[in-house]
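A structural walkthrough
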Amino acid sequence: MPKIIVDPVKCIGCGLCVSIIDKVFKMNEQGKSEVISECGGDGECEGKVKEAIESCPVQAISNE
Ligand code: F3S
């Protein structure tokens with residue numbers, strides 16, 4: 001089961017991942033992205049997560 005992780009040190013809080021899929025990512029009080037939910041086998045969701053990983057300007061998101 002893949003686990004989505006945002007590295008809070010790398011994240012610069014650009015918000016792109018949240019705008020791509022706000023079901024998975026949310027901005028926290030520190031202005032960093034946080035994972036609030038996994039996709040749970042939802043293919044469309046997984047595609048958006050992949051898009052977020054590729055779009056993040058600082059490569060802060062991983063899906064291991
Ligand atoms: Fe941070 Fe990258 Fe999202 S900088 S807010 S993890 S797109």
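The paragraphs below set out a description of the structure included in this document. (Residues numbered from 1 in each chain as written. Predicted model: local features only at pLDDT ≥ 70, side-chain atom pairs only at ≥ 80, totals over all residues. Heavy atoms only, no water.)

This next bit is on the site of the ligand. All residues adjacent to the ligand are Cys11, Ile12, Gly13, Cys14, Gly15, Leu16, Cys17, Ser33, Cys56, Val58, Ala60 and Ile61. Along the lines of polarity and charge, the residues of the shell around the ligand split into nine nonpolar, three polar and no charged. (Near = heavy atom within 4 Å. Nonpolar A, V, L, I, M, F, W, Y, C, P; charged D, E, K, R; others polar.)

Before going further, it helps to examine the environment of Glu38. Structurally, Glu38 can be placed in the loop between β3 (33–35) and α2 (43–55). Judged by relative accessible area, Glu38 falls into the partly exposed class, the value being 27%. Look past the residues within four positions of Glu38 in its chain and what remains in contact with it is Pro2, Lys3 and Ile4. Of note is the side chain of Glu38, whose polar atom sits 3.2 Å from the backbone nitrogen of Ile4. (Helix = DSSP H or I, 4+ residues; strand = E, 2+ residues; numbered from the N terminus. Buried < 20%, exposed > 50% of the residue type's maximum accessible area, 1.4 Å probe, protein only. Contact = heavy atoms within 4.5 Å. Polar contact = N/O pair within 3.5 Å; in protein donor to acceptor, adjacent residues only side chain to side chain.)

Quick look at the state of the cysteines now. In this structure the tally under the stated criterion is one disulfide. In this model, Cys39 is linked to Cys45 through a disulfide, with the two sulfur atoms separated by 2.0 Å. Disulfide Cys39 to Cys45: torsion about the S-S bond roughly -70 degrees, handedness left-handed. Accessibility assignment for this pair places Cys39 and Cys45 in one class, buried. (Disulfide = S-S within 2.5 Å.)

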